[in-house]
Amino acid sequence: MGIFQKIRDGLKKTRDNLMKGLRRMLGSFTKIDEELFEQLEETMIMGDMGAETAVEICDRLRDMVKERGITDPNDIMGLIQEITAGMLGEDEGLDLTTKPSVILVIGVNGAGKTTTIGKLCHQFKNDGKRVLVAAADTFRAAAIDQLQVWTDRSETELVRHAEGSDPAAVVFDAITAAKARGCDVVICDTAGRLHNKKNLMQELAKINRIIDREAEGCAKECLLVLDATTGQNAVNQARLFQEVAPITGIVLTKLDGTAKGGIVISIKNELNIPVKLIGVGEGIDDLQPFEAKSFIDALFDREIDASAEGSDDNAEEVSENNTDEETEDIAENYEDIAADADDQTAEPAAETESPTEEFADDTPDFISEDENDSLTINIPEQNDIQTAEMTIPDDTDALTEAADGLTAGIAESVSDAAEEIAEEITEEVTEVTEDTAEETAEKTDENMQESDEAAAESAAEEEEPKKKKGFFSFFKRKK
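Described in the following lines is the structure provided in the data block. Computed from a predicted structure; not experimentally measured.

Reading the values: rules and limits
- Residues numbered from 1 in each chain as written.
- Predicted model: local features only at pLDDT ≥ 70, side-chain atom pairs only at ≥ 80, totals over all residues.
- Heavy atoms only, no water.
- Helix = DSSP H or I, 4+ residues; strand = E, 2+ residues; numbered from the N terminus.
- Buried < 20%, exposed > 50% of the residue type's maximum accessible area, 1.4 Å probe, protein only.
- Contact = heavy atoms within 4.5 Å.
- Areas by Shrake-Rupley, 256 points an atom, 1.4 Å probe, with all protein chains shown as cover.
- Expected span 1.5 Å × (residues − 1).
- Bend = angle between axes of the 7 residues up to and from the residue.
- Pairing = 2+ DSSP bridges.
- Axes fitted to C-alpha atoms, helices over the stretch in contact; angles between N-to-C directions.
- Parallel < 35°, antiparallel > 145°, perpendicular 65-115°, else oblique.
- Left-handed = near helix turned anticlockwise from the far one by under 90°.
- Nonpolar A, V, L, I, M, F, W, Y, C, P; charged D, E, K, R; others polar.

**Focus on the overall build of the chain**
Within the chain one finds 16 helices and 11 strands. Put simply, the chain has 479 residues, and 36% of those count as buried. Taking contacts inside the chain between residues at least 6 apart in sequence as the whole, the part at least 24 apart equals 71%. Of the roughly 28600 Å² of accessible surface on the chain, a fraction of 49% belongs to carbon and sulfur atoms.

**Comments concerning helix α5 (residues 76–88)**
Its 13 residues give α5 an end-to-end C-alpha distance of 19 Å, which sits within 8% of 18 Å, the value for a rise of 1.5 Å per residue. Turning to α5, its buried residues number three or more, namely I76, M77, L79, I80, Q81, I83, T84, M87 and L88. Just past α5, the residue G89 takes up positive phi, approximately 70 degrees.

**Some thoughts on helix α2 (residues 12–27)**
Along its 16 residues, α2 runs 21 Å from first to last C-alpha, staying within 8% of the 22 Å computed at 1.5 Å per residue. A bend of about 25 degrees at K20 is the largest found in α2. Three or more residues of α2 are buried, namely T14, R15, L18, M19, G21, L22, M25 and L26.

**Some points on the sheet that holds strand β2 (residues 131–135)**
Reading across from one edge, β3-β2-β4-β1-β5-β6-β7-β8 is the order of the 8 strands in this open sheet, with mixed pairing throughout. Either end of the sheet is taken by a strand with one partner, and the two such strands are β3 (157–159) and β8 (287–289). Strand after strand, the sheet turns through a mean of 25 degrees between neighbouring axes, direction not considered. Pairing analysis gives 5 bridges linking strand β5 (residues 220–227) to strand β6 (residues 249–253), with the strands arranged parallel. Each bridged residue has a counterpart across the sheet, and for D227 the counterpart in β6 is T253.

**Description of the packing of α5 against helix α11 (residues 263–271)**
The angle between the axes and the distance between the axes are what describe a pair of packed helices. Where α5 contacts α11, the axes come no closer than 9 Å and their chain directions differ by 55 degrees. One finds that α5 runs oblique with respect to α11. You can see that α5 and α11 cross each other, and the crossing is left-handed. Residue-level contacts link T84, M87 and L88 of α5 to V264, I265, K268 and N269 of α11. Of the residues in the contact of α5 with α11, the class split is 4 nonpolar, 2 polar and 1 charged.

Interpretation in functional terms is not warranted from these geometric data alone.
Here you go:
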């Protein structure tokens, strides 16, 4: 898979969210007015391009629309591409012109610093460079061991101290070792830190002083690793880190997992810090150098447009290559085909005459015709509806009377059948009701009999204690 295709796939979510939103919004307008620019600005801000960048783009659009006399809203997308490409400017790669060159990697926890270092080691190793890594993140638990795994994979050297040791001392030893061993690149890992961690910020300043002193005259890169999924928060991080560190470039990771890829434009425009590397996947080869043209082409999906234009050009070439002789041959073939089609059409026309005549003679049994050319319709008996016969003469009045008579006869037959059905239903309901009443009466009698028996038993039980009580009371009175 090529670099462009990887970037294009990595920007799919951003393209689906931001670019489709812009096209959908512009498609809803029929003219360019102030309301269009307000909606455009809101859509860009929602796509994490930043308020400041969105306002600047819209201001430039207003000027370009007036200068070029553009009236069609669909032409706005081309102007946006032109403006954003100008904002990104020229590409700036990593400065590795000296030996050794030093790369200092900074950023907050979880942004992907260690993974970025591992991928850089792999790429530099494949380019034939000798790489040495300084494990200067002595603050986070297991950070050194994690970096050891990455360096083992890429077969690069690692300088490490114990956890909790001075990170500036690790960087000092790494630069000294790189000079002695003839290494091409020194990559310094640092602890994740926030701008409000004063001790860690002071530590970062100390590391910078060590690099400036020990690697004087060497090319130095200070790369800030930002998580693209954080959106505008990443821009704020860059702004704060810029106050305490000489940031030379941005590494934007996890760009494939977010729809907020518009922050690339925002970072460059608001902070004037170039994006030098972008992460568009989890693979070890998915850390790509940032190329503004490829980014814009992938973001606006120009490859599809180019392929469409190519297909149109091919079609024109094919049409031009058709000579006059080929045109005459095509015309002759068309005439032959047309003649064959006429012959085939004539045969089915002749065959359709006989079925038509047979169908005309095939008169239904319940329709008969007499000598006076009058038709008689016989309705067969069904559901106790009597047969009705109607003679249809040529006179219109007589035809109307016959139709009325037929309707009355059918209605009468239907009414009789309905009355019979109603009588049958009534008889069945009456029988069911009488049976239910008898069963209910029988159950009621049984229940009453059981109640009487229970009452008699209860009364008998009450009599016995009274008799016993009277007997003992007699002896008590006697005493």
